[in-house]
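Coordinate inspection notes
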Amino acid sequence: MWKKLFILVMVLSTSLCAWSADGDTFQAETPGGVMMKFKVISEAEKTCWLHTLPNKSTEGAVSVPEEVNGYKVVELRYSAFWHQEKITSISLPSTITAIGSTAFEGCISLKNINLPPLLTYVNVDYFKGCVSLNEIESQIEDPTKVRISTDSYIYLKELAQQIVLRVPDGTKKAYLSTSEWNEFIIFEHSEPVVINYERTLTDEQGVKYQLSQSDSSFVYKICGYTEALKEQGIVPD
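Residues numbered from 1 in each chain as written. Predicted model: local features only at pLDDT ≥ 70, side-chain atom pairs only at ≥ 80, totals over all residues. Heavy atoms only, no water.

This part takes up the sheet that holds strand β14 (residues 185-188). Overall, parallel pairing links the 6 strands, which are arranged β4-β7-β9-β11-β13-β14 in an open sheet. A single partner strand is all that each edge strand has here, and the edge strands are β4 (59-63) and β14. Neighbour-to-neighbour, the strand axes of the sheet open up by a mean angle of 25 degrees, direction not taken into account. (Pairing = 2+ DSSP bridges. Helix = DSSP H or I, 4+ residues; strand = E, 2+ residues; numbered from the N terminus. Axes fitted to C-alpha atoms, helices over the stretch in contact; angles between N-to-C directions.)

Let's shift gears to helix α2 (residues 153-160). Owing to its 3.6 residues per turn, the α-helix aligns residues three or four sequence positions apart on the same side. Those residues of α2 lying buried are Y155, L156, L159 and A160. Seen from one end, α2 has its buried residues packed into an arc of 125 degrees, which puts them on one side. Where α2 is buried, its residues contact β12 (147-149) and β14. (Buried < 20%, exposed > 50% of the residue type's maximum accessible area, 1.4 Å probe, protein only. Arc of directions from axis to C-beta. Contact = heavy atoms within 4.5 Å.)

With respect to the helices and strands, Q84 occurs in the loop between β6 (71-76) and β7 (86-91). Here L53 takes part through its backbone oxygen, which lies 3.3 Å from a polar atom of the side chain of Q84. Excluding residues that lie within four positions of it along the chain, Q84 makes contacts with L53, N55, K56, S57, T58 and C107. (Polar contact = N/O pair within 3.5 Å; in protein donor to acceptor, adjacent residues only side chain to side chain.)

Another aspect to go through is the packing of aromatic side chains. Within the structure shown, the criterion is met by 8 aromatic pairs. Residues W181 and F184 carry aromatic rings whose centres are separated by 6.4 Å and whose planes lie at 40 degrees to one another, so their mutual orientation is tilted. For F184, a relative accessible area of 5% corresponds to the buried category. One aromatic cluster in this structure is built from F81, F104, Y126 and F127. (Phe/Tyr/Trp six-rings, centres within 6.5 Å; stacked < 30°, edge-to-face > 60°.)

Next up, the structure:
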């Protein structure tokens, strides 16, 4: 009997150790009802990264939790949201310090997302194929300490001219004076959206339009997408 009990204890101990080892993966459902797969980075520090979303039909707004099963979520794997084509909004926790290079690639319905304050590196290739993306909320207080990278500077310029970048109040000057960041259309969080279409329309048109913040859903169309604005009655034929 004692021998059987000892074997049982050893089996249970082995199982528990395997569950909590560095590199182990586990699945958990978020408070919003989304199933996510995580991977343990450090058992000692109780940290993990978001590995992927097993369900490719996940849709709507998705929030990544700060903590799951006692582990702090500090990274997104390079394919975390890869080709999640029905997700429209992603909210990342302030605990995130790193994002994989293709984390959001192919999210064709994604309209808005935030950049957490602890990031030290941003790769705009995150957003390749995100054809609906129109607004990024940056929570980074000092853009001079956060490097922007891309495989193609042309892609960076194209992306930046289609997206409104919301930045913390009082930081707009720093963003505008920092290389790569200054390619974006930048507004502070409390600043009304005012678009000068002279930046993108021909000189012959030369018209300035002021839009309310509620109109920002189509602000990203200002570069080369005037047809959509004409449909809204914002840009004359």
